[in-house]
Amino acid sequence: MRSRLTVALGRTARLAARMRGGGSGGTAFPGLVMERTDPGFLERTLSRLPRGVIVVSGTNGKTTTTKMVVQLLREQGLKVFTNRTGSNFVRGVLAALLTEVDAAGNLDADIAVLELDEAHAVHFVARVRPRACLLLNVMRDQLDRFGEIDYTASLLHSIAKATSDVVVLNGDDPRLAAPAFLEGVSARVVSFGAGEDLRSLFLSDDDLRTGLVSPREDGQAPGPRVTLEAINGQRATVSVDGTSHEVDFAIPGVHNLLNACAALGVVLEVLGEDADLPGLLTTLGSVQAAFGRGEVLTLDGRPVQLSLVKNPAGFRMGLLSAASQAQDGEVVVVAINDEYADGRDMSWLWDVDFSALRAGGVTVVTGVRAWDMALRLHYDDVDVADVEPDLRRAVALMRRAAADTDRPMRIFTTYTAMLALRSILGEMTDVEEVMS
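Residues numbered from 1 in each chain as written. Predicted model: local features only at pLDDT ≥ 70, side-chain atom pairs only at ≥ 80, totals over all residues. Heavy atoms only, no water.

Here the focus is the nonpolar core. Formed by 48 residues in total, the largest nonpolar core has its most connected members in I54, V69, L73, L134, L228, L264 and V266. Discounting residues that sit within four places of it in the chain, L264 has contacts with L72, V226, V238, V240, L277, L280, L281 and L284. Counting 40 residues, the second largest nonpolar core, distinct from the first, contains F81, A121, C133 and A187. (Core = buried A, V, L, I, M, F, W, Y, C linked by side-chain atoms within 4.5 Å. Buried < 20%, exposed > 50% of the residue type's maximum accessible area, 1.4 Å probe, protein only. Contact = heavy atoms within 4.5 Å.)

Contact geometry for helix 15 (residues 391-405) and helix 16 (residues 415-426): axes closest at 10 Å, N-to-C directions at 60°. For the element pair helix 15 / helix 16, the angle class is oblique. In this structure, the crossing between helix 15 and helix 16 has a hand that is right-handed. Where helix 15 approaches helix 16, its residues L391, R392 and V395 are matched on the opposing element by A417, A420, L421, I424 and L425. (Axes fitted to C-alpha atoms, helices over the stretch in contact; angles between N-to-C directions. Helix = DSSP H or I, 4+ residues; strand = E, 2+ residues; numbered from the N terminus. Parallel < 35°, antiparallel > 145°, perpendicular 65-115°, else oblique. Left-handed = near helix turned anticlockwise from the far one by under 90°.)

Bringing unusual backbone geometry into the picture now. Backbone geometry at D241 places phi at a positive 55°, although glycine is not the residue there. Structurally, D241 can be placed in the loop between strand 8 (235-240) and strand 9 (243-248). The backbone phi angle of D300 is positive, close to 55°, even though this residue is not glycine. Assignment of secondary structure puts D300 in the loop between strand 10 (293-299) and strand 11 (302-308). On the basis of relative accessibility, which here comes to 40%, the residue D300 falls in the partly exposed class.

For the rest of this paragraph, the subject is the side chain of E118. Following the sequence through the fold, E118 ends up in helix 6 (residues 118-127). Polar contacts involving the side chain of E118 include one to the main-chain amide nitrogen of T59, which spans 3.5 Å. (Polar contact = N/O pair within 3.5 Å; in protein donor to acceptor, adjacent residues only side chain to side chain.)

Axes are the key here: two packed helices are described by the angle between their axes and the distance separating the axes. Running from N to C, helix 4 (residues 62-75) and helix 11 (residues 254-271) point in directions that differ by 45°, and their axes come no closer than 9 Å. On the basis of the axis angle, helix 4 is oblique to helix 11. You can see that helix 4 and helix 11 cross each other, and the crossing is right-handed. Side by side, helix 4 and helix 11 meet where T64, T65, M68, V69, L72 and L73 of the first sit next to N256, N259, A260, A262, A263, L264, V266, V267 and L271 of the second.

On to helix 6, then. Owing to its 3.6 residues per turn, the α-helix brings residues three or four apart onto one side. Regarding helix 6, the residues found buried are E118, A119, A121, F124 and V125. Capping the start of helix 6 is the job of one residue whose side-chain oxygen sits 3.0 Å from the backbone nitrogen of A119: D117.

Function cannot be read off these values alone, since they describe shape.
Structure (structure tokens):
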């Protein structure tokens, strides 16, 4: 009876939020109402799932990797619940549940795969013990929220300790693979990683500071079960249990190839002997980018790719991916906001090497911190044609430049700017609606 009342109250709150927002929004507010009025709803609902809960966390790649895990499991015949909007706080999970449960609060799913912000994941696992967790990396991100990087690692350590069956982690991340991180972890530990020839692409936070690739230490995390061995354009060699497989990927971005190995690693552990590896590899090759994370839209008959950036490592990987796709032939826009969801401290922009943008320059810099970004590009000798803080006007400038030169477009954007840009572009072209 209590779940029925909670669902009714949450749906009323969502309707009120959407009416106030003109038919959109309402992702967090109903979750807040449910959290305050029925704190046990989350545990009651998710504890009934026969295959439990997988938590995906880490600094970079959560949304895309979660999407991969969900698609892999669904193609293997499981019914999967996930917070597909990317709202990765506990309230976002509750709001997502609201769209999936029936009036009595019953969830028709075999397993849940949940992307969770590092800090909010700690609150989640205190209520719901995950069966498996996938820990991607530890990078400097949102310094105003997380402070020192070791604190972020401690949050992921708490998730690992709360996990019952298996912890899958990045064996190349020095903080995740350290002996201290594994202390107190009762679940079995499995790793994924990059082959020796690719490790210079996937630098840790420490590597970014020193400019050197740290040697892989012996005797820390177990050797990787899934390894990204080689990359040739969109084709990659993926090793599983020592056997190499060639996979043709649809998803853009070299970083997403490592995310794919992470997703495959946790799915193999969860499915066990039921896993159909050939089928999983086929599915992995067909996965598309999550919204805003390499997502490609069509505007005026030309592609426009959205590349989410929020820390030095993420921006570096975005620039590497762009360079591999002939970036100097693109109209490039950089959109930087400093709202809470982006992180207020934008000093990390000075840790990014923007020299890859020199050849083609930047058409327009936009967002709340447009002038800061323009100054940063100036110090790396990158020409900027226009500085326009207003996002709508910036899109118009991008559109005009693309039409004049018949070139594709790419936008490097922080999170809140990405949401706003998708809304603006949605008035001009087809954009998938993802918010509940």
